[in-house]
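Architecture at a glance
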Amino acid sequence: MNVTKDSEKLLVTTYKIYIERRKSGIKKDDAKHFEFNFYLNDKYLSKWIREDVVSCLRKLVNKNLIWFSLSKDFVLNDDAIILMENRFKDGVKEIKEWLSLLIP
């Protein structure tokens, strides 16, 4: 993927949330949209510093995996979803296992 490990963690975590949203019946376009402060309520990212989140989001923008607005909200691009679908074929369970190895 060629991004930092923190950027990868952020991308994987947002993809996990995207999958959970889709499973709960949220339409695809809405499930791909994230408010900037989403990380505050996530067990894997809640301890991150705001500036670190912004830095990781910028790296993902540079890889064309997300679209980042001036308000700091962002949208997962289809390229990010395809990348994650190919990487985590078993879905949320596999993602949670991967995240638990990296984030205590």
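Further up the page is the structure itself.
Notes on the structure in this doc start here. (Residues numbered from 1 in each chain as written. Predicted model: local features only at pLDDT ≥ 70, side-chain atom pairs only at ≥ 80, totals over all residues. Heavy atoms only, no water.)

Overview of the packing of helix α1 (residues 5–23) against helix α4 (residues 78–87)
What counts, and what does not: Orientation is described by axes fitted as lines to C-alpha atoms, over the contacting stretch for helices, and by angles from 0 to 180 degrees between their N-to-C directions. Runs of H or I in DSSP of at least four residues are treated as helices and runs of E of at least two as strands, each being numbered from the N terminus. By definition in this entry, angles of less than 35 degrees are roughly parallel, angles greater than 145 are roughly antiparallel, angles of 65 to 115 are roughly perpendicular, and the rest are oblique. Contact definition: two residues touch when any of their heavy atoms are within 4.5 Å.
Viewed as axis vectors pointing N to C, α1 and α4 meet at an angle of 85 degrees, and their least axial separation amounts to 10 Å. By the angle between their axes, α1 is roughly perpendicular relative to α4. Along its contact with α1, which presents Glu8, Leu11, Val12, Tyr15 and Tyr18, the element α4 presents Ala80, Ile81, Leu83, Met84, Glu85 and Arg87.

So, the side chain of glutamate 8
For the record, the criterion: Burial here depends on accessible area, computed with a 1.4 Å probe over protein chains only, as a share of the maximum for the residue type. Under 20% is buried, over 50% is exposed, and the range in between is partly exposed. Here a polar contact means two N or O atoms within 3.5 Å. Within protein one must be a hydrogen donor candidate and the other an acceptor candidate, and residues neighboring in sequence count only if both atoms are side-chain atoms.
Residue position: glutamate 8 is located in helix α1. Looking at glutamate 8, the relative accessible area reads 16%, which means it is buried. In this structure the side chain of glutamate 8 is engaged in a polar contact, spanning 2.4 Å, whose partner is the side chain of arginine 87.

A closer look at the pattern of salt bridges
Filter applied, for reference: Only one rule defines a salt bridge in this text: a Lys or Arg side-chain nitrogen within 4 Å of an Asp or Glu carboxyl oxygen.
Inspection of the entire model under this criterion finds five salt bridges. Between lysine 9 and aspartate 6 there is a salt bridge, with its nearest N and O atoms 3.3 Å apart. Here aspartate 6 and lysine 9 lie together in helix α1, a separation of three residues that amounts to about one turn. Classification of lysine 9 by relative accessible area gives buried; the value is 14%. Note on aspartate 6: relative accessible area 36%, which makes it partly exposed. Among the charged side chains, a network of salt bridges with common partners joins Lys16, Glu20 and Asp42.

Details of the sheet that holds strand β2 (residues 66–68)
The condition that has to hold: In this description, strands pair whenever DSSP reports at least two bridges between them.
Spatial ordering of the open sheet is given by β1-β3-β2, a layout of three strands whose pairing is antiparallel. Every other strand in the sheet has two partners, leaving β1 (33–34) and β2 as the edge strands with one partner each. Note that β2 and strand β3 (residues 74–76) share three bridges and pair antiparallel. Its bridge partner being in β3, isoleucine 66 is matched across the sheet by leucine 76. The sheet strands contacting helix α3 (residues 50–62) are β2 and β3, and the helix crosses β2 at an angle near 120 degrees.

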